[in-house]
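Topology and contacts: notes
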Amino acid sequence: MATYSPKASEIERSWHLVDAEGMVLGRLASEVAGLLRGKHKPTFAPHIDTGDHVIIVNADKVVLTANKADTKLVHRHSGYPGGLRTETYGSKMARRPDQAVRDTIRGMLPKTRLGRSQIRKLKVYAGPTHPHAAQQPQPYVIEHARAR
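Here the focus is the packing of helix α1 (residues 25-37) against helix α4 (residues 97-106). Following both chains from N to C, one finds α1 and α4 inclined at 60 degrees, their axes separated by 9 Å at the closest point. If you check the angle between α1 and α4, you find them oblique. Like other packed secondary-structure pairs, α1 and α4 cross with a definite hand, here right-handed. The residues of α4 that touch α1, namely those facing Leu 25, Ala 29, Val 32, Ala 33 and Leu 36, are Val 101, Thr 104 and Ile 105. Here the contact of α1 with α4 is composed, by residue class, of seven nonpolar, one polar and no charged.

Here's what the structure looks like:
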């Protein structure tokens, strides 16, 4: 019996809507990264982008546990000498909550051209509205990511 490898024409993509209100950031990010990679499908292959599109709403209501908002740091570098910029997760969540959630999920994807194609299927919005109603996204419930 030969190993099955999906072809690009056989991949069916669906849309998932995730409401991030009250969810823990890391648990939400790992679940969404699995959806973007396609690990929930029986046709998953690590070398092909078989994942689905994901829409995250209410990114401004994500929860950080154990005082991470004040102690955990986010780094970015401009590429120039002395270009390292550091800020806390709390300040980044206050300034750009959609970008903070997106960067957390991006860190859980492959660091290759495959990961870059997978992150393009992620749409993050700070508020409860999104412009993707025509795609008819199915609500996706993540129970174990809710903050207690």
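Going through the model one piece at a time under the given rule, you end up with seven salt bridges. Of the charged contacts in the structure, one is a salt bridge between Lys 41 and Asp 52, with a shortest N-O distance of 2.7 Å. Highlighted residues: Lys 41 in the loop between α1 and β2 (53-57) and Asp 52 in the loop between α1 and β2, separated in sequence by 11 residues. Look at Asp 52 and you get buried, because its relative accessible area is 2%. The closest approach of N and O atoms between Arg 95 and Glu 87, which form a salt bridge, is 2.5 Å. Since its relative accessible area comes to 47%, Arg 95 is described here as partly exposed. Through salt bridges with shared partners, a single ionic network connects Arg 13, Asp 49 and Lys 121.

To continue, consider α1. Taking 1.5 Å of rise per residue, 13 residues should cover 18 Å, and α1 covers 18 Å from first to last C-alpha, within 8% of that figure. Taken residue by residue, α1 has Leu 25, Leu 28, Ala 29, Val 32, Ala 33, Gly 34, Leu 35, Leu 36 and Arg 37 as its buried positions. Next to the buried residues of α1 lie β1 (15-19), β2, α3 (89-95), α4, α5 (113-119) and β5 (122-124). Immediately downstream of α1, the backbone of Gly 38 shows phi near 90 degrees, a positive value.

By the secondary structure assignment, His 132 is in the loop between β5 and β6 (138-139). Within the local environment of His 132, its side chain forms a polar contact with the side chain of Tyr 125, the two groups lying 2.6 Å apart.

Read across the sheet, four strands follow the order β5-β2-β1-β6 without closing on themselves; strand pairing throughout is parallel. Lying at the two open borders of the sheet, with one neighbouring strand each, are β5 and β6. Pairing geometry for β1 and β6, over two bridges, is parallel. Opposite His 16, over in β6, you have Gln 138 as the bridge partner. On the sheet, α1 packs against β1, β2 and β5 and is oriented at approximately 155 degrees with respect to β2.

So, how was this worked out
Residues numbered from 1 in each chain as written. Predicted model: local features only at pLDDT ≥ 70, side-chain atom pairs only at ≥ 80, totals over all residues. Heavy atoms only, no water. Axes fitted to C-alpha atoms, helices over the stretch in contact; angles between N-to-C directions. Helix = DSSP H or I, 4+ residues; strand = E, 2+ residues; numbered from the N terminus. Parallel < 35°, antiparallel > 145°, perpendicular 65-115°, else oblique. Left-handed = near helix turned anticlockwise from the far one by under 90°. Contact = heavy atoms within 4.5 Å. Nonpolar A, V, L, I, M, F, W, Y, C, P; charged D, E, K, R; others polar. Salt bridge = Lys/Arg side-chain N within 4 Å of Asp/Glu carboxyl O. Buried < 20%, exposed > 50% of the residue type's maximum accessible area, 1.4 Å probe, protein only. Expected span 1.5 Å × (residues − 1). Polar contact = N/O pair within 3.5 Å; in protein donor to acceptor, adjacent residues only side chain to side chain. Pairing = 2+ DSSP bridges.

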